[in-house]
Amino acid sequence: MTTRLTCGILPHRPVWDDGPVTDETPGPLDRATGAAAGGAAAPDEAPPRRRVRLLVSVAAVVLICDIVTKVLAVKLLTPGQPVSIIGDTVTWTLVRNSGAAFSMATGYTWALTLVATGVVIGIIWMGRRLVSPWWALGLGMILGGATGNLVDRFFRSPGPLRGHVVDFFSVGWFPVFNVADPSVVGGAILLVALSLFGFDFDSPTRRTPESAAATPADRPADPPADNA
């Protein structure tokens, strides 16, 4: 009689006994935390790593395109002899630029080199906390363009920190530029727009006053304890 009653009340419980439940018995949260501490990557670490990969990939593409086009421009173009693309409006024009992007601030080559170096270091430092993919795109554009021009500053004549940047593309009245220049400017414009619209580099979504003041979402209620 006792055996039949026990089987009817506890049809889903195993026949063995795990012993009494104490405060030291690990729960599901403790087991998940222990698994993460044991060597597996925590879920929160994955997005920053993906964003860093995106940043580095964008920067690498911009840098490679910038270096290759500058090498071709130096090899194929002659200074002072523009090559027409669309009449006299759009041309290939080889220019050695001692200033910043679009031939600005000429005569301050060494200062511009130090500023660009600081920008590169700052972007690398921010990459550790980067979460937003759009910020990764913008920072990657700036990093690739700044690094491309830094290569010229360090390795082209007249010498390190004073090297002149190779520019080769001319559009109308606009100053002659290269691949790195619009990449830096475009990335900066993107970051300014993201900041104005409330997208922070350490947040994957738009941050609003309501979301900043909101409390964390309620977790599902724990199932009732089985005291049978």
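Values in this document were obtained by computation on a predicted structure and should not be read as measured data.

Across its full length, the chain carries seven helices and three strands. Counting from the amino terminus, the chain carries its helices and strands in the arrangement α-α-α-β-β-α-α-β-α-α. Taking all 228 residues of the chain together, the buried fraction comes to 29%. Once local pairs closer than 6 in sequence are excluded, the contacts in the chain between residues at least 24 apart make up 66%. Carbon together with sulfur atoms contributes 67% to the accessible area of the chain, which is approximately 15300 Å² in total.

Here we come to the pairing of strand β1 (residues 83-86). Side-chain direction in a regular strand flips from residue to residue, so the side chains alternate between the two faces of the sheet. Pairing between β1 and strand β2 (residues 90-97): three bridges, direction antiparallel. For Ser84, the partnering residue across the bridge sits in β2 and is Thr91. Linking β1 to β2, which pair antiparallel, is a turn of three residues; within it Gly87 sits at a positive phi near 60°.

A few words on the pattern of salt bridges. Taken as a whole and assessed by the stated rule, the structure comprises three salt bridges. The partner of Lys70 in a salt bridge is Asp152, and the shortest N-O contact between them spans 2.9 Å. Of this pair, Lys70 sits in helix α3 (residues 46-76) while Asp152 is found in helix α5 (residues 133-155), placing the two residues 82 residues apart along the sequence. Look at Lys70 and you get buried, because its relative accessible area is 1%. Overall, Asp152 belongs to the buried group, its relative accessible area being 3%. For the salt bridge of Arg156 with Asp152, the shortest nitrogen-to-oxygen distance reads 2.9 Å. Beyond isolated ion pairs, a larger network of salt bridges with shared partners links Asp66, Lys70, Asp152 and Arg156.

A separate point is the sheet that holds β1. Taken in spatial order, the three strands of this open sheet run β1-β2-β3, and their pairing is antiparallel. Single-partner strands in this sheet number two, and they are β1 and β3 (165-171). Taking the axes of each pair of neighbouring strands and ignoring which way they run, one obtains an average angle of 35° across the sheet.

So, on to the packing of aromatic side chains. In the structure shown here, the tally under the stated rule is six aromatic pairs. A ring pair is formed by Phe174 and Phe177, whose centres lie 6.2 Å apart and whose planes are at 80°; its orientation type is edge-to-face. Note on Phe174: relative accessible area 34%, which makes it partly exposed. The exposure class of Phe177 is buried, given its relative accessible area of 14%. Chaining the aromatic ring pairs together yields one cluster made of Trp92, Phe168, Phe169, Trp173, Phe174 and Phe177.

Definitions and limits used
- Residues numbered from 1 in each chain as written.
- Predicted model: local features only at pLDDT ≥ 70, side-chain atom pairs only at ≥ 80, totals over all residues.
- Heavy atoms only, no water.
- Helix = DSSP H or I, 4+ residues; strand = E, 2+ residues; numbered from the N terminus.
- Buried < 20%, exposed > 50% of the residue type's maximum accessible area, 1.4 Å probe, protein only.
- Contact = heavy atoms within 4.5 Å.
- Areas by Shrake-Rupley, 256 points an atom, 1.4 Å probe, with all protein chains shown as cover.
- Pairing = 2+ DSSP bridges.
- Salt bridge = Lys/Arg side-chain N within 4 Å of Asp/Glu carboxyl O.
- Axes fitted to C-alpha atoms, helices over the stretch in contact; angles between N-to-C directions.
- Phe/Tyr/Trp six-rings, centres within 6.5 Å; stacked < 30°, edge-to-face > 60°.

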